[in-house]
Amino acid sequence: MIEAKNLTKRYGDKVAVDDLSFTVEPGRVTGFLGPNGAGKSTTMRLILGLDRPNRGDATINGMHYRDLPRPLQTVGALLEARAIHTGRSAYNHLLALAQTQGVGKKRIDEVIDLVGLHEVARKRAGGFSLGMGQRLGIAAALLADPTVLILDEPVNGLDPEGIVWIRTLMQRLASEGRTVFVSSHLMNEMAVTAEHLIVVGRGKLIADCSTEEFIERSTEQIVVVRSPDIERLATAVDEDGGKAVLSPEGLLTVTNMEAARVGELASSGGIVLHELTPKRGSLEQAFMELTRDSVEYGGSTAIAEPQVAVPEPQGEGR
Amino acid sequence: MTTMTDAPGTAPQIRKAGFGRLMLAEWTKIRSVRSTVWALLLLVVLDLGFTALFTELTASQWDKTDASARAAVMADPTSTILGSGFFLSQLTVCVLGVMVVASEYSTGMIRASLLAVPRRSSMLTAKATVFTVLIFVLGTAVSFGSFFIGEPILHSKAPVSLGDPGVLRAVIGGGLYLAMLGLFALALGAIIRHTAAGITGVIGFVLVLAPLAALLPGSIGKHVHAYLPSEAGHLIGQARQGSSDLLTPWQGFGVFAIWTAALLVVAFVQLQRRDA
C-alpha cells in the first residue's frame, strides 16, 4: 500500500506537486493519470525518496522508502528517465543491483527471460532501443520480487506486442495481491489496464475513483444536430433548458437534453432536421476536457496568459 | 527480441544484506564498464612506460647534465624514478575517480543505485572504499614495478636499493598517493556531478594551480604552493625531504588527506540534501 499525505514539491517558484493526498491499495492496478507535466513523475520520485517533498509525506506499507531494510524486495520501480549506465551490459546492471539486496544470480536469469532480453543480456545497454531499455527497467523492478510496483509510463517505446505483455503482467501482479501503481498520460491505455484511477492536473488531485465511475462521470451524452434553420433550433433548445453550442461549420452540439426532446422541439417549431445523432463523448475527449484547465504548457511565463486557445474537442482523439 | 515468457518467477532467495554486499555491488559496477578497465590499463602502461623512458633519458644524458641536477637525482633517486612514472599516469586516476561517480549522474544510473540503497551515505562510502582500495593495490603494484624498472637503469649513475632509508616507504607511498588522489577526484566528482566539469576541476587542482601558485611572490607563493593537495601529497613518494620542501613526506600526505576529507564532507552533505 502506498500513502501520500499533502505531498507538495516546488522547484523554484514552480509548484510541481500541490498538496496531493491519495492511497494506492494492493490487489488492483491503480492508474496515475494526467497530462504531461502534471507532476506524475515528481510524485513517484517523492514516494521513492529520490526527491524530498517541501511539505507532506509519502509512505510505502507504512514506512518511508529510505527506511526500508531491503528496498527492492518491497518496491520495484521503473522511472520515466533511464536509470542505466550506458556502458554496462544488461546482465551486469542487474547483477550490481541484485548484489545490494543479496538476491541470487539465478533470479537475474529469470527476470531476463521474463522480459525477453535473453539474447542481448550481455550487450551494452547504451545500444538498446527505447523498448529494450523499458524491458530492462521492468526486469530491474521485478528483480527482488517486490510487493509494490511503481511504474512510470511503462508502455513508452514498447511495440503493440510489448504493450499487451506489460498490461497482462501488471494485471497478473495485481491479482497476486501486489500493489501496482502505474502512470500514463494516455486515457485509453489506462481505461483498459487500471481498475482504479488517480487523476492529476498541474500537481493537483482531480479525481480518485474507480475507472468505471470515472468513465461514467466524465463522458456525457451529447446530441449532434444539423439543420438549415439551426439558429432558431439553438434558441429553442436553450429556452427548453438544454445547452446548445453552434460550431463554425454549422453543427449544433446539444448537451443536457435527450435526442428525442430535440426532435420534439424541432417538430413543434416546424424546423427541418438533416441530422439528429445521439453520441457519447470519447474517453480521451473527456480526459482532455477534464484536465484542460490544468495542462502544463512548458514555459512558466505562458501560464500567466488566460488559456482561451484550447480548441473545442471535435472527436480528434489526441 | 526474443519470445516473452509470462510465467511467474519463483521467489528469489535473499541472503543477508550488509556493507560487504554494497562493496561487492560497487566492485561489479567498476569492473563492468569498459572505460574504467581501459583507464586502469592505461595507468599501468603509462606509468611503467614513462619510468623506462625518463630514467633511460636521464642515464644516457648523464654526462651532459649539469652538476646541480645530477646532485638532485643522486640525493633521492627514488623520487626521480617514481616521479617520472606518476607525472602522467596520475591523470588517469583523476579521470577515473571523477568518472566512477559522475557517470552515474550523467547516465541516470544514480537513480537505480539510490533506489537499491536509499541510505545514500552507505552507497557513497561503499563506492569510495572499493575504488580507493583498488587504486591503492594497483598503484602500489605499479609503484614497485616502476622502481624495479628504473633502479637498474639508473644504477650506474645513482644507485639506490629498497633497503635504503625511506625508500620502501616512498615506493608504498606511491600507491598511497594515487589512492588518495583517486579519493580526492571521486569526492570532487560527487560534488560536481558532471563528468567533464569534474575532470576539468581535478586537473585544474593537480596541474594548473601548482604552477600558478608558484608565480605568487616570495614566501606566500612558496607556502601556498607547498600546501596544494597534489604538491603536498606527492611528497610521500620521496625517500627523504628535499632541501626546498617545507613539509616532510608524512606531513605532506596529511595535508593532502585533510583536503580530501574536506571535499568528502561536502560531497556527503550534498548527497543527503540534494534531489537525485
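Residues numbered from 1 in each chain as written. Chains lettered and ligands numbered in written order. Predicted model: local features only at pLDDT ≥ 70, side-chain atom pairs only at ≥ 80, totals over all residues.

**Let's talk about the overall build of chain A**
What counts, and what does not: Secondary structure counts use DSSP, requiring at least four H or I residues in a row for a helix and at least two E residues in a row for a strand, with both numbered from the N terminus. Counting other C-beta atoms within 10 Å of a residue's C-beta gives its exposure: the residue is buried at 20 or more, exposed at 12 or fewer, and partly exposed in between, where C-beta atoms are placed from the backbone. Note that contacts rest on C-beta atoms placed from the backbone: two residues are in contact if these are within 7 Å.
Check the secondary structure of chain A and you find 11 helices and 13 strands. Relative to its full complement of 318 residues, chain A shows a buried share of 44%. Long-range pairs, those at least 24 residues apart, make up 69% of the contacts in chain A with a sequence separation of at least 6.

**Brief notes about the overall build of chain B**
When helices and strands are tallied, chain B shows 11 helices and 0 strands. Across the 276 residues that make up chain B, the buried fraction comes to 44%. Long-range pairs, those at least 24 residues apart, make up 80% of the contacts in chain B between residues at least 6 apart in sequence.

**Comments concerning the sheet that holds strand β2 (residues 14-24) of chain A**
All names here are of chain A. Quick note on the threshold: At least two bridges found by DSSP between two strands are what make those strands a pair. Axes here refer to lines fitted to C-alpha atoms; in helices the fit is confined to the stretch in contact. Angles between the N-to-C directions go from 0 to 180 degrees.
With antiparallel pairing, the 3 strands of this open sheet are ordered in space as β2-β1-β4. Two strands bound the open sheet, and with one partner strand each, they are β2 and β4 (55-60). Neighbouring strand axes in the sheet, compared pairwise and without regard to direction, differ in orientation by 20° on average. Pairing of strand β1 (residues 2-11) with β2, which is carried by 7 bridges, proceeds in the antiparallel orientation.

**Examining the domain arrangement of chain A**
Rules: For the domain bounds, the source is a domain assignment made automatically or taken from a database.
Splitting chain A by domain gives domain 1 (2-214) and domain 2 (220-280). Once you take the C-alpha centre of each, domain 1 of chain A and domain 2 of chain A turn out to be 46 Å apart.

**Looking at the interface of chain A and chain B**
Of the residues lining the interface, 47 residues belong to chain A; the matching set on chain B comes to 39 residues. If you list the elements that add at least two residues to the side of chain A that touches chain B, you get α2 (71-74), α3 (90-101), α4 (105-114) and α6 (160-175) of chain A. The biggest single contributor to the side of chain A that touches chain B is α3 of chain A, with 7 residues.

**Some details on the pairing of strand β5 (residues 75-78) of chain A**
Residues and elements named next belong to chain A. Residue alternation in β5 divides its side chains into two sets, Val75 and Ala77 and Gly76 and Leu78, and both sets are buried. Summarising the sheet, β5 and strand β6 (residues 148-152) pair through 4 bridges and their orientation is parallel. Pairing of Val75 across the sheet is with Val148, part of β6.

**Some thoughts on the sheet that holds strand β12 (residues 252-255) of chain A**
By definition, the strands of a sheet pair up through backbone hydrogen bonds, in either a parallel or an antiparallel sense. Residue and element names in this part refer to chain A. Strand order in the open sheet formed by 4 strands is β11-β12-β10-β13, and the pairing between neighbours is antiparallel. Looking at the sheet topology across the chains shown, the edges are occupied by β11 (243-246) and β13 (275-280). On average, adjacent strands in this sheet sit at an angle of 25° to one another, irrespective of strand direction. Examined bridge by bridge, β11 and β12 share 4 bridges and lie antiparallel to one another. Its bridge partner being in β12, Val245 is matched across the sheet by Thr253. Running over the sheet, helix α9 (residues 230-239) touches β10 (221-226), β11 and β12 and is turned about 155° from β11. Sheet contacts for helix α10 (residues 259-269): β10, β12 and β13; angle to β13, the most-contacted strand, approximately 160°.

**Quick notes on the nonpolar core**
Across soluble globular proteins, you tend to see nonpolar side chains buried next to one another. Formally: For this analysis, nonpolar core means a set of buried Ala, Val, Leu, Ile, Met, Phe, Trp, Tyr and Cys residues linked through C-beta atoms within 7 Å.
Core analysis: the biggest nonpolar cluster contains 136 residues, and Ile47, Leu94, Ala139, Leu143 and Ile150 of chain A together with Cys94 and Ala187 of chain B have the highest contact counts within it. Among the elements that take part in this core, helix α7 (residues 167-192) of chain B stands out by supplying 15 residues, more than any other. Those residues in contact with Leu143 of chain A that sit more than four places away from it in its chain are Leu72, Gly76, Leu94, Leu97, Ala98, Val103, Arg107 and Val111 of chain A. The next biggest cluster of nonpolar side chains, apart from the first, holds 12 residues, and it includes Leu82, Phe86, Val160 and Ala170 of chain B.

**Observations regarding unusual backbone geometry**
Backbone geometry follows two general trends: most residues other than glycine have a negative phi, and most peptide bonds adopt the trans configuration. Despite not being glycine, Asn6 of chain A shows a phi value in the positive range, around 50°. Relative to the elements of secondary structure, Asn6 of chain A occurs in strand β1. The phi dihedral of Arg193 of chain B is positive, around 60°, even though this residue is not glycine. Position of Arg193 of chain B among the secondary structure elements: in the loop between α7 and α8 (195-214). Since 20 C-beta atoms lie within 10 Å of it, Arg193 of chain B is described here as buried.

**Focus on the confidence of the model for chain B**
Residues and elements named next belong to chain B. Our working rule: Confidence of the predictor in every single residue is expressed as pLDDT, which spans 0 to 100.
Per-residue pLDDT for chain B has a mean of 90; in total, 94% of the residues score no lower than 70. Low pLDDT, under 50, characterises residues 1-13; the stretch is placed with 23 contacts to residues that sit more than four places away or in other chains. Per the prediction output, this complex has pTM 0.83; the corresponding ipTM is 0.87.

**Here's the deal with the packing of helix α6 (residues 120-154) of chain B against helix α11 (residues 249-273) of chain B**
All names here are of chain B. What counts, and what does not: Crossing handedness is defined as follows: a turn of the near helix away from the far one that is anticlockwise and smaller than a right angle gives a left-handed crossing, while the clockwise case is right-handed.
Here α6 crosses α11 at 140°, and the two axes come no closer than 9 Å. Once α6 is placed against α11, the crossing between them reads as right-handed. Of the residues in α11, those touching α6 at Arg120, Ser121 and Leu124 are Ala267, Phe268, Leu271 and Gln272.

**Considerations on the environment of Val223 of chain A**
Residue and element names in this part refer to chain A. Here Val223 lies in strand β10. Val223 gets classed as buried once you count the C-beta atoms within 10 Å, which come to 24. A C-alpha to C-alpha distance of 51 Å links Val223 and Ile84, two positions 139 residues apart in sequence. In contact with Val223, other than residues within four places in its own chain, are Val254, Met257, Ala259, Val262, Leu276, Thr277 and Pro278.

**Thoughts on the environment of Phe148 of chain B**
Residue and element names in this part refer to chain B. Considering the arrangement of structural elements, one finds Phe148 in helix α6. With 14 C-beta atoms packed within 10 Å, Phe148 lands in the partly exposed category. For the pair Phe148 and Ser161, spaced 13 residues apart in sequence, the C-alpha separation works out to 9.6 Å.

**Topic: the packing of helix α4 (residues 77-107) of chain B against α6 of chain B**
Residue and element names in this part refer to chain B. Just so we agree on the cut-off: With respect to orientation, any angle under 35 degrees is reported as roughly parallel, any angle over 145 as roughly antiparallel, any angle of 65 to 115 as roughly perpendicular, and every other angle as oblique.
Close contact between α4 and α6 brings their axes to 9 Å; oriented N to C, the two are set at 155°. By the angle between their directions, the pair α4 and α6 is classed as roughly antiparallel. In this structure, α4 crosses over α6, and the sense of that crossing is right-handed. Residue-level contacts link Pro77, Ile81, Leu82, Gly85, Val93, Gly97, Val100 and Val101 of α4 to Lys127, Phe131, Ile135, Ser143, Ser146, Phe147, Gly150, Glu151 and Leu154 of α6.

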